[in-house]
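Results of the structural survey
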Amino acid sequence: MHASYRECLAPSVLSNSGKALNVMARELFGQDGTAAPATADERFDFDITYASQGLEAIEQVSRAGEDRFAVAFIDVRMPPGIDGRETARQIRALDPEINIVIVTGFSDFSPLEIARVAGPPDKIFYIAKPFEVEEIVQTATALCHRWQADRALAATRAALAAKIEELEEQKLELAMNESKAVHIANHDLLTDAPNRLAFLRSLAGLVRGERGFATALIDLDRFKLVNDTFGHVAGDQLIRMMCALIQQHGPDNALVARLGGDEFGVLFAAPSEDAALMACERLVQACSTNFRLFGHSVQSSASIGLVVVEGGVRIDPIDVMRRADLALNEAKRRGRGIVRLFDESMDESIRFRRRIEGGLANAIANDELRLVYQPIVEHGDLSVVAFEALLRWHSPEYGMISPDIFIPIAEESNQIHDLGDWVLDTALATLRRWPEQYVSVNFSPRQFRRQNFVAHVVERVQRAGVSPTRLQIEITETAIFDDAERAAETLYRLRQMGFRIALDDFGTGYSSLYNIRKFALDCLKIDKSFIDGMGRERESAAIVQSIIHLGRALGLEVVAEGVETPAQVQALRIAGCSHLQGYHLSRPVDADESVEIARQRHVVAKPVSMPMQIEVATGTFA
Ligand code: C2E
Ligand code: CA
Ligand code: CA
């Protein structure tokens, strides 16, 4: 047997049979033989080891080390030692990769039986005796190739697995770095307490919640002195100690943050102002202590500004901070080492509001209010179809105050109802002096949502002896979208009675263009910010354009507000805007002047020079 193997795999035989195979391959697969089987050109320089007995072969395999065998040709019968099946089993146990070729002349064992002990089936082969030379050469060559390919694949797999492991490690490291970065972003480096960012985020969360809470700003007294006298290192040390003290003595579950410098912020749940005040008093006491700082004795103390926000009260976090700051300033001014609870007298802007409220309460009685009227013109011949009534207040304390300032205050303090009634009555009185125009009156959200709003307006109109068709009610998106269901119903009823409805400042609110279909409207007023931006920004021009389209599609009039230039007039006309209003056509005028304009049906607008405007218009809408 060994002799015939030697013959089969000897280089000379190989080259002979190789040559023969080459010829055949060329015939079968063409001249270049690219698809030819591997036997021909990539012939192996077989390194052959012979064993006469199974145990000897097993011994060879076990000693192979790095020089592993690719193929084992095993005779089934090898007396007197162990048989081929047992040999195959033990070899397989030693080397899971080796290809085993069983060479047999008898059917001693079925292939299945051998495969069972020396498996896997894809690494077990059979050659029947007597064999052909080519059979042995081909099998040896093919299995060597495969063995090499398998090893290369295994190596690649191992490298891949190593790479994956490396990536997993990197991922872990990244995640750790990220959480470290998040920690750094939210914490103060010196004290490791939450920083200002984290503090403001928590504050924003509390403001949105339903529970009452307290915000305390703590400032170390005379910290600068320590810093300047003993140096920054001592200053840093003091900050750390104070931070620890505040954390230790603060209320349970309080958030203690270092906001910067020597300022700390504390957020905590507060059932009442008294409870919050007591908690802060304790903090002040805890902070007032004697430290040993680098061998020096330092007396520390802190001042606290406190704001308590009751549950359910809506307030801007910025306002909370501002108020706490005001209270803290007050505490420092009052001698340090104390707590000051914010009260409204500390806040200039609140004082101002209270003054305005006070002033407004007397404004009607003292005859300080006036209405002015701004013409709304039709786009074609610029004839005046209506006037918007705009409120003016000459306060004895502040002079002329813009409605943008006092209307929101009146709205918050409920004075808006008296004010609104006065506006409506006055506007209706003036209206009676105009031949045919209607009046457009602004109603704030609170007025619109008032109980029996419809009945209230109807009564006023009837009392004035005016047709509802001559009153346009201007409301904003906020007024209707906060309670859309009810607003839709109110608008429907108003419109049934003949009133006109305009949606004011359109485009600035949150209403989707789609939603407004649900509401009974006559008119959209494009906010003046868009008209203003039209010549400058593409977006504004596009918004104006689409509001006009939308209005027309829904059969609504569209009023452009704040028209200030002839170019805007021209551009809006081209875009198909139905009505115009703005300083270019007329500023708001007093009642007498409005009567004059109403009778003439025209404002004395500056003549329009066409070519220039067309140029601008195409520039805008191209
Ligand atoms: P609004 O309803 O949007 O009124 C238009 C504002 O734009 C008016 O300011 C008007 O004077 C101004 N305006 C008109 N044309 C032009 C223009 O070409 N350029 C510019 N830059 N501005 C123009 P006003 O009178 O100061 O009113 C401000 C806001 O106060 C009004 O905005 C309205 O929301 C509110 N308001 C005024 N009167 C009343 C009122 O009687 N009741 C209620 N609830 N709100 C009112
Ligand atoms: Ca308006
Ligand atoms: Ca407006």
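These figures come from a predicted structure and were not determined experimentally. (Residues numbered from 1 in each chain as written. Chains lettered and ligands numbered in written order. Predicted model: local features only at pLDDT ≥ 70, side-chain atom pairs only at ≥ 80, totals over all residues. Heavy atoms only, no water.)

Examining the sheet that holds strand 3 (residues 124–128)
- Here we have three strands laid out as an open sheet, ordered 1-2-3, and parallel in their pairing. The open sheet has two free edges, formed respectively by strand 1 (71–75) and strand 3, since each of these has just one partner strand. Going from strand to strand, the sheet's axes swing by 25° on average, the running direction of each strand aside.
- Bridge count between strand 2 (residues 99–104) and strand 3: five bridges; the pairing is parallel. Bridging from a neighbouring strand, Val101 pairs with Phe125 of strand 3.
- Strands strand 2 and strand 3 of the sheet are contacted by helix 5 (residues 111–118), whose axis makes an angle of about 145° with strand 3. (Pairing = 2+ DSSP bridges. Helix = DSSP H or I, 4+ residues; strand = E, 2+ residues; numbered from the N terminus. Axes fitted to C-alpha atoms, helices over the stretch in contact; angles between N-to-C directions. Contact = heavy atoms within 4.5 Å.)

Considering the coordination of the calcium ion (ligand 3)
- Taken together, the protein donors to the calcium ion (ligand 3) comprise Asp504 (OD), Asp505 (OD), Glu561 (OE) and Glu561 (OE), at separations of 2.1 to 2.4 Å.
- Linear spacing of the donor residues for the calcium ion (ligand 3) on their chain is D-D-x55-E.
- Between the calcium ion (ligand 3) and the calcium ion (ligand 2), a separation of 3.9 Å is found, and both are coordinated by Asp504. Here Asp505, found in strand 16 (residues 500–506), pairs with Glu561, found in the loop between strand 18 (557–560) and helix 21 (566–575); they are 56 residues apart in sequence, far enough to count as distant.
- The exposure class assigned to Asp505 is partly exposed, which follows from its relative accessible area of 25%. (Donors = N, O, S within 2.8 Å, 3.2 Å for Na, K, Ca; no water. Buried < 20%, exposed > 50% of the residue type's maximum accessible area, 1.4 Å probe, protein only.)

Section: the coordination of the calcium ion (ligand 2)
- All of the protein donors around the calcium ion (ligand 2) are Glu388 (OE), Asn442 (OD1), Glu474 (OE) and Asp504 (OD); their distances to the metal are 2.1 to 2.3 Å.
- Judged by relative accessible area, Asp504 falls into the buried class, the value being 6%.

Concerning the sheet that holds strand 9 (residues 302–309)
- With mixed pairing, the five strands of this open sheet are ordered in space as 5-6-4-9-10. The open sheet has two edge strands, strand 5 (255–260) and strand 10 (339–341), and neither has a second partner. Strand-to-strand twist of the sheet, defined as the mean angle between neighbouring strand axes without regard to direction, takes the value 20°.
- Note that strand 4 (residues 213–220) and strand 9 share eight bridges and pair antiparallel.

Overview of the site of ligand 1
- Around ligand 1, the surrounding shell holds 23 residues, and the nearest of these are Gln374, Arg392, Lys528, Glu564 and Tyr583.
- Here Leu391 contributes a backbone N or O atom positioned 3.1 Å from a nitrogen atom of ligand 1.
- In this structure, an oxygen atom belonging to ligand 1 sits 3.0 Å away from a side-chain N or O atom of Asp504.
- Alone, ligand 1 offers 790 Å² of accessible surface; in the complex the protein occludes 85% of this.
- Mapped onto the shell around ligand 1, the elements with two or more residues apiece are strand 12 (384–395), helix 13 (403–412) and strand 16.
- Broken down by element, the shell around ligand 1 gets its largest block of residues, four residues, from strand 12.
- A breakdown of the residues in the shell around ligand 1 according to their chemical character gives nine nonpolar, six polar and eight charged. (Near = heavy atom within 4 Å. Polar contact = N/O pair within 3.5 Å; in protein donor to acceptor, adjacent residues only side chain to side chain. Areas by Shrake-Rupley, 256 points an atom, 1.4 Å probe, with all protein chains shown as cover. Nonpolar A, V, L, I, M, F, W, Y, C, P; charged D, E, K, R; others polar.)

Observations regarding the domain arrangement of the protein
- Looking at the protein, the domain boundaries give domain 1 (2–156), domain 2 (196–342) and domain 3 (353–600).
- The straight-line distance from the C-alpha centre of domain 2 to that of domain 3 is 48 Å. (Domains from an automatic or database assignment.)

Description of the nonpolar core
- Grouped together as the largest cluster of nonpolar side chains are 78 residues, with contacts concentrated most on Ile475, Leu572 and Leu580.
- Residue contributions to this core peak at seven residues, all from helix 14 (residues 416–431).
- Excluding its chain neighbours within four sequence positions, the residues that come into contact with Ile475 are Phe443, Phe448, Ile480, Leu491, Ile501, Ala502, Leu503 and Asp504.
- Counting 35 residues, the second-largest nonpolar core is a separate cluster that includes Ala279, Leu283, Leu293 and Leu341. (Core = buried A, V, L, I, M, F, W, Y, C linked by side-chain atoms within 4.5 Å.)

Quick word on the side chain of Thr215
- Position of Thr215 relative to the elements: it lies in strand 4.
- On the basis of relative accessible area, Thr215 is assigned to the buried category, the value being 0%.

Looking at empty space enclosed by the protein
- According to the stated counting rule, one finds three cavities of 30 Å³ or more in the structure shown.
- Counted as a void, the largest cavity has a volume near 50 Å³.
- Around the largest cavity sit Phe448, Arg449, Ala479, Asp483, Arg486, Ala487 and Thr490, which together line it.
- If one sorts the elements of the lining of the largest cavity by residue count, helix 18 (residues 484–496) sits on top with three residues.
- Its residues assigned to classes, the lining of the largest cavity comprises three nonpolar, one polar and three charged. (1 Å grid on protein atoms, 1.4 Å probe; cavity = no way out; pocket = protein on both sides within 12 Å on 5 of 7 lines; lining within 4 Å. Points joined across faces, edges and corners; volume = space filled by probe spheres on them.)

Digging into a negative patch on the surface
- There is a patch of like negative charges on the surface, built from Asp45, Asp47, Glu66 and Asp67.
- By the secondary structure assignment, Glu66 is in the loop between helix 3 (54–63) and strand 1. (Patch = residues over 30% accessible without salt bridge, like charges linked within 9 Å, V, L, I, M, F, W, Y side chains within 5 Å. Salt bridge = Lys/Arg side-chain N within 4 Å of Asp/Glu carboxyl O. Lys, Arg positive; Asp, Glu negative; His and termini not counted. Charge placed at Lys NZ, Arg CZ, Asp CG, Glu CD.)

A short note on the state of the cysteines
- Here the structure, examined in full by the defined rule, presents zero disulfides.
- Not engaged in a disulfide, the cysteine Cys280 finds its nearest cysteine sulfur in Cys287; these two sulfurs lie 10 Å apart.
- The exposure class of Cys280 is buried, given its relative accessible area of 0%.
- Cysteine Cys523 is unpaired, with the sulfur of Cys577 as its nearest cysteine sulfur at 9.1 Å.
- The class of Cys523 is buried, set by a relative accessible area of 0%. (Disulfide = S-S within 2.5 Å.)

Remarks on the pattern of salt bridges
- In this structure the tally under the stated criterion is 35 salt bridges.
- A salt bridge links Asp319 to Arg322, with the shortest nitrogen-to-oxygen separation between them at 3.1 Å. Of this pair, Asp319 and Arg322 both sit in helix 11 (residues 317–333), three residues apart, which is roughly one turn of the helix.
- Note on Arg322: relative accessible area 31%, which makes it partly exposed.
- Residues Arg353 and Glu412 are paired through a salt bridge, measuring 2.8 Å at the closest nitrogen-oxygen approach. Placement of the pair is Arg353 in helix 12 (residues 348–363) and Glu412 in helix 13, with a sequence separation of 59 residues.
- Residue class for Arg353 comes out partly exposed when judged on its relative accessible area of 27%.
- Residues participating in the shared-partner salt-bridge network are Glu388, Glu474, Lys525 and Glu561.

Observations regarding the pairing of strand 4
- Of all the eight residues making up strand 4, eight are buried; the element is thus mostly covered by neighbouring parts of the structure.
- Burial along strand 4 is two-sided: Phe213, Thr215, Leu217 and Asp219 facing one way and Ala214, Ala216, Ile218 and Leu220 facing the other are all buried.
- Judged from the seven bridges that link them, strand 4 and strand 6 (residues 263–269) form a sheet pairing that is antiparallel. The residue of strand 6 that forms the bridge with Ile218 is Phe264.

Some thoughts on the environment of Arg336
- Along the chain, the position of Arg336 falls in the loop between helix 11 and strand 10.
- Judged by its relative accessible area of 36%, Arg336 falls in the partly exposed class.
- When the C-alpha positions of Arg336 and Arg77 are compared, they lie 106 Å apart, and in sequence the two are 259 residues distant.
- With residues up to four places along the chain from it excluded, the contact list for Arg336 reads Asp221, Arg222, Ser303 and Ala331.

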